[in-house]
Number of protein chains: 2
Amino acid sequence: MSDIPENHPRALSLTYRKLIEDGVESGLVAKAGPIAHGRGEAFDYLLGEETLPCVLDDIETAAALLLEAEYPVISVNGNSAVLAPESLVSLARAIPAKLEVNVFYGRTFDREKMISDLLKSKGAEEVLGINASAKVPNLFSARQHVDKEGMAKADLVLVLLEDGDRTKALIDWGKKVISVDLNPLSRTGKDATLNICDNIVRCVPLLEKAVTELRDDKAKRSKLIQEMNNKKTCSRVLKAIVERLGKLAEEA
Amino acid sequence: MSDIPENHPRALSLTYRKLIEDGVESGLVAKAGPIAHGRGEAFDYLLGEETLPCVLDDIETAAALLLEAEYPVISVNGNSAVLAPESLVSLARAIPAKLEVNVFYGRTFDREKMISDLLKSKGAEEVLGINASAKVPNLFSARQHVDKEGMAKADLVLVLLEDGDRTKALIDWGKKVISVDLNPLSRTGKDATLNICDNIVRCVPLLEKAVTELRDDKAKRSKLIQEMNNKKTCSRVLKAIVERLGKLAEEA
């Protein structure tokens, strides 16, 4: 697995898989990280490993939400840190938004520090969430910890590859939540203010591009947010997948 | 993750996940095992974590193939060993078939021995594949090793959660291959003599049941094998998934 041939039909997917495996080795990725990554791989496979056209619209709406937010925070876990460190730092700078480390499984100061160091090595000036002392109401275990200068203060949180319980708890706490979740049936995606059903390695750079394009277009941002309907977003994605699989079933 | 509430809607899935995580810890499961398991979880989620009615038919046909084979071998890797050790040993005894350990990633004598010991602790009298010296033609790296008393001699191999390259190479070597692969679009499933698109924890016991039922019914076995068409099998599964997701998209 260490030498991935460039011409392999799924070379990119294997490269990301390797990042996760190496992340477990180094301690950046939690023990539960690879299984979550595998789930993502499978759902991405169903999308054809491409951003769906309808999801491009959701990314635009997400960019509008991020620009309109008063205190947006990007929540970064081990998997997202190893998969897209540069583009996460770059997105945070473009919005601008705070970056906050969030690890649930095997939460340790070491892992938090490693993720923070990785983001700083890619240019982040500030990374929140280290030894965080604030708590999400109605959440227990390591999932409850958030930074008092980060998610606790945020009006909008961008959560990447996180779990449903937390998304729901953040919503119940009065935050807006943009989730990035490849599972078209997930609770996270349904509970979120807006879900982006895409691979983070593709959609984070697209989000930054949309942020740049919408920065001086207040009218378009308002329109996008007014028309936002996450129920429709989720159903549209599911229909696109059904259509794609239906075609493949015909060809099979 | 260590205490899974019994009433959790996906408690079984979490139990299997824990087995894989513990398997990595103990060395039974390879580093690449959790990612593969995650992919399986996602595809199983699309099936509703239930055996599809059309797959019950495929399981029956697979049982017929196993009973008709002269020298059937069940290939067991780390993931399948930790997920279904008892039922694999029981199935091998019922057919009867040989059990052969096969690990590609991080193949070591230690891991082979651990898998063999696990199967023996569940009642297996013989486990092949330890320090195997025969080779699959046209396969390289650790994937090529097979036991000269096992897969090398087999006319039929039941492969569980394995990779496409090997399935293809076994077919090219003149073996029949029954694969168990949850990915409805996988190369493994398409290349196999017959694919069972199901979770091994569900289908291995169902296979044993079908073996018992078909043992004295030579006529039915012949009929099932005659009517076997893996292309149809794969397309039928894909259509069933499309139908299920289509309904969910309507409800969403």
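On a predicted model such as this, the values are computed, not experimentally measured, just so you know.

Definitions and cut-offs
Residues numbered from 1 in each chain as written. Chains lettered and ligands numbered in written order. Predicted model: local features only at pLDDT ≥ 70, side-chain atom pairs only at ≥ 80, totals over all residues. Heavy atoms only, no water. Helix = DSSP H or I, 4+ residues; strand = E, 2+ residues; numbered from the N terminus. Buried < 20%, exposed > 50% of the residue type's maximum accessible area, 1.4 Å probe, protein only. Contact = heavy atoms within 4.5 Å. Buried area = accessible area lost by both parts, 1.4 Å probe. Salt bridge = Lys/Arg side-chain N within 4 Å of Asp/Glu carboxyl O. Least-squares fit on C-alpha atoms with pLDDT ≥ 70 in both. Core = buried A, V, L, I, M, F, W, Y, C linked by side-chain atoms within 4.5 Å. Pairing = 2+ DSSP bridges. Axes fitted to C-alpha atoms, helices over the stretch in contact; angles between N-to-C directions. Polar contact = N/O pair within 3.5 Å; in protein donor to acceptor, adjacent residues only side chain to side chain. Disulfide = S-S within 2.5 Å. pLDDT = per-residue confidence, 0-100.

Let's talk about the environment of A:Val177
Residue and element names in this part refer to chain A.
So, point 1. Take Val177: it is sitting in strand β6 (residues 176-180).
So, point 2. Residue classification places Val177 among the buried residues on the basis of a relative accessible area of 0%.
So, point 3. For the pair formed by Val177 and Asp155, sequence separation is 22 residues and the distance between their alpha carbons is 8.6 Å.
So, point 4. Once you skip the residues sitting within four places of it in the chain, Val177 turns out to touch Leu156, Val157, Val159, Thr167, Leu170, Ile171, Ala192, Thr193 and Leu194.

As for the interface of chain B and chain A
So, point 1. Listed per partner, the contact involves 33 residues of chain B and 33 residues of chain A.
So, point 2. In total, about 3000 Å² of surface goes out of reach between chain B and chain A, with carbon and sulfur atoms giving 75% of it.
So, point 3. Three residues, B:Lys31, B:Ile35 and B:Leu185, lead the burial of chain B against chain A; their summed loss comes to 19% of the area buried on that side.
So, point 4. Put simply, chain B and chain A have two salt bridges between them.
So, point 5. As a salt-bridge pair, B:Glu41 and A:Arg39 come within 2.7 Å of each other at their nearest N and O atoms.
So, point 6. Taken together, the elements giving at least two residues each to the side of chain B that touches chain A come down to α1 (11-26), α2 (33-46) and α11 (230-251) of chain B.

Looking at the relation of the copies chain B and chain A
So, point 1. After a rotation of 180° and a shift along the axis of 0.0 Å, chain B superposes on chain A with an RMSD of 0.0 Å. Considering both components of the superposition, the chain copies are consistent with a two-fold axis.
So, point 2. Same-surface contact between copies: 100% of interface residues of chain B are shared with the interface of chain A.

Some details on the nonpolar core
So, point 1. Judged by nonpolar contacts, the single largest core of 132 residues is most densely connected at A:Ile74 and B:Ile74.
So, point 2. If we ignore the near neighbours within four places in the chain, the residues touching B:Ile74 are B:Leu88, B:Leu91, B:Ala92, B:Ile95, B:Ala97, B:Lys98, B:Leu99, B:Glu100, B:Leu158 and B:Leu160.

Digging into the sheet that holds strand β1 (residues 72-76) of chain A
Residue and element names in this part refer to chain A.
So, point 1. Read from one edge of the open sheet, five strands run β2-β1-β5-β6-β7, paired in parallel fashion. Two strands close off the open sheet at either side, each with one partner strand: β2 (98-101) and β7 (194-196). Averaged over all adjacent pairs, the angle separating strand axes in this sheet is 20°, with direction ignored.
So, point 2. Helix-sheet contacts for helix α3 (residues 53-68) involve β1, β5 (156-160), β6 and β7, and the interaxial angle to β7 is about 130°.
So, point 3. This element, helix α9 (residues 200-214), spans β5, β6 and β7 of the sheet and lies at about 150° to β5.

Some words on the sheet that holds strand β7 (residues 194-196) of chain B
All names here are of chain B.
So, point 1. With respect to topology, five strands assemble into an open sheet ordered β2-β1-β5-β6-β7, the strand pairing being parallel. The sheet is open, and its two edges are formed by β2 (98-101) and β7, each paired on a single side. Put simply, the sheet's adjacent strands are angled 20° from each other on average, direction ignored.
So, point 2. Summarising the sheet, strand β6 (residues 176-180) and β7 pair through three bridges and their orientation is parallel. Paired with Val180 across the strands is Ile196, a residue of β7.

Structural notes on the side chain of B:Asp58
Residues and elements named next belong to chain B.
So, point 1. Considering the arrangement of structural elements, one finds Asp58 in helix α3 (residues 53-68).
So, point 2. Look at Asp58 and you get buried, because its relative accessible area is 2%.
So, point 3. Among the polar contacts made by the side chain of Asp58, one reaches the side chain of Thr233 at a distance of 3.0 Å.
So, point 4. A polar atom in the side chain of Asp58 sits 2.9 Å from the side chain of Arg236.
So, point 5. Discounting residues that sit within four places of it in the chain, Asp58 has contacts with Leu194, Asn195, Thr233, Arg236 and Val237.

Quick notes on the state of the cysteines
So, point 1. Counting across every chain of the model gives zero disulfides over all chains.
So, point 2. Take A:Cys234: it sits in no disulfide, and the sulfur closest to it among the cysteines is that of A:Cys197, at 8.2 Å.

Looking at the confidence of the model for chain A
So, point 1. Looking at chain A as a whole, its pLDDT mean stands at 91, while 95% of the residues score no less than 70.
So, point 2. Scored as a complex, the prediction yields pTM 0.90 and ipTM 0.87.

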